[in-house]
Amino acid sequence: MSHEKDEIIKANRKFYDARNRYDVELIEQIWLTDGRAKCVHAGWPIILGWEAIRESWKTIFETGGFDRVDVSNFFVDVKENSAWLNCVERATYSIDDRRVVVLAQATNIFELADGEWKMTLHHASLMPIPRKEIDYENLQ
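Residue positions are given per chain, counted from 1 along the sequence in the order it is written. Local features in this predicted model are restricted to residues of pLDDT 70 or higher, and side-chain atom pairs are both shown and tallied only at a pLDDT of 80 or more, whereas totals for entire chains, interfaces and linings draw on every residue. Hydrogens and water are ignored here; the side-chain numbers use all heavy atoms of the structure.

Another point: the side chain of E89. Note that E89 resides in strand 4 (residues 82-95). A simple rule labels every residue: compare its accessible area, found with a 1.4 Å probe on the protein chains alone, to the largest value its type can have, and call it buried under 20%, exposed over 50%, or partly exposed in between. Asp and Glu are treated as the negative residues and Lys and Arg as the positive ones, with His and the ends of the chain left uncounted. Salt bridges are defined by distance alone: a side-chain nitrogen of Lys or Arg within 4 Å of a carboxyl oxygen of Asp or Glu. Buried charge without a partner: E89 forms no salt bridge, and the closest opposite charge is R19, 7.2 Å away. Side-chain atoms alone can form a polar contact between residues adjacent in sequence; in general such a contact is a pair of N or O atoms within 3.5 Å, and within protein one must be able to donate a hydrogen while the other accepts it. At a separation of 2.5 Å, a polar atom in the side chain of E89 contacts the side chain of Y16. Residues within four places of E89 in sequence aside, it is in contact with Y16, V69, D70, V71, V102, L103, A104, A106, H122 and A124. Numbering of helices and strands runs from the N terminus; a helix is a DSSP stretch of H or I covering at least four residues, while a strand is a stretch of E covering at least two. The contact rule is simple, with two residues in contact once any of their heavy atoms fall within 4.5 Å.

This is the structure:
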């Protein structure tokens, strides 16, 4: 894997680590914090600009959101100063005494700014739940 692709995966992991810590300040470190930033949380309309995106994360964190989001199945493409990463999000949360799993397909777009890869777009779309049992640990 190329050095650039490794850096994109590293930036992507930093984003999800911050998300799992409910840490808006850490999320802000990975985002491009201007009007070009865009975000589509699963089931939400598009959010434009860093300030609105920051408020959306604060709202998600204050209302509980998912307990944890793990990512897998990375596909990374890099072209000059832009990169896009597709991955599967496996989000878990608790309802009463049950653990619930939700799957989403995510596209995260990054831009090289001042020598660092910064997220300019996060877009997550829910994946349909299959009607039969699947092995979530080995999801391809």
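Next up on the list: the pairing of strand 4. What makes two strands pair is DSSP finding at least two bridges between them. For strand 3 (residues 68-79) and strand 4, the ladder comprises 10 bridges, and the chain directions are antiparallel. Within the sheet, the bridge partner assigned to S72 lies in strand 4 and is V88. Where strand 3 hands over to strand 4, the hairpin turn is made up of two residues, of which E80 adopts a positive phi near 55°. Between strand 4 and the antiparallel strand that follows it, strand 5 (residues 98-113), lie two residues; D96 among them carries a positive phi value of about 55°.

Right, let's get into helix 3 (residues 50-62). Expected helix span is taken as 1.5 Å per residue step, with the number of steps being one fewer than the number of residues. The first and last C-alpha atoms of helix 3 sit 18 Å apart over 13 residues, in line with the 18 Å expected at 1.5 Å per residue. When we look at burial in helix 3, the residues that qualify are W50, I53, R54, S56, W57, I60 and F61. Projected down its long axis, helix 3 carries its buried residues within an arc of 160°, all on one side. Counted as exposed and oriented over 90 degrees from the buried face of helix 3: E51 and E62. The directions from the helix axis to the C-beta atoms form the arc being described.

Position of K118 relative to the elements: it lies in strand 6 (residues 116-126). Put simply, K118 is tucked away with no salt bridge, and the nearest opposite charge, on E116, sits 4.1 Å away. Discounting residues that sit within four places of it in the chain, K118 has contacts with Q29, I30, W31, L32, I109, F110, E111 and A113.

With that settled, consider the environment of M127. Within the element layout of this structure, M127 appears in the segment after strand 6. When its relative accessible area of 27% is taken as the criterion, M127 is described as partly exposed. Spatially, the C-alpha atom of M127 lies 29 Å from that of G35, the residues being 92 residues apart in sequence. Once residues within four sequence positions are removed from consideration, M127 is found in contact with V88, L103, A104 and Q105.

Classification of ring pairs uses Phe, Tyr and Trp, with its six-membered ring standing for Trp, and accepts pairs whose centres are within 6.5 Å; under 30 degrees between planes counts as stacked, over 60 as edge-to-face, and the remaining range as tilted. Here the structure, examined in full by the defined rule, presents six aromatic pairs. On the numbers, 4.8 Å between centres and 70° between planes, the contact of F15 with Y16 is edge-to-face. By the ring-pair criterion, three or more aromatic residues cluster together here, those being F15, Y16, Y22, W31, W50, W57 and F61.

This brings us to the nonpolar core. Among the nonpolar cores identified, the biggest contains 29 residues, and W31, I53, W57 and F110 are the most heavily contacted of them. Elements supplying a minimum of two residues to this core: helix 1 (3-20), helix 2 (24-30), helix 3, strand 3, strand 4, strand 5 and strand 6. Sorting elements by how many residues they give to this core places helix 1 first, with six residues. Those residues in contact with W57 that lie beyond four places of it in its chain are F15, R19, V24, I27, W31, H41 and H122. By nonpolar core is meant a set of buried Ala, Val, Leu, Ile, Met, Phe, Trp, Tyr and Cys residues that side-chain atoms within 4.5 Å join together.

Nothing here speaks to function; it is all geometry.
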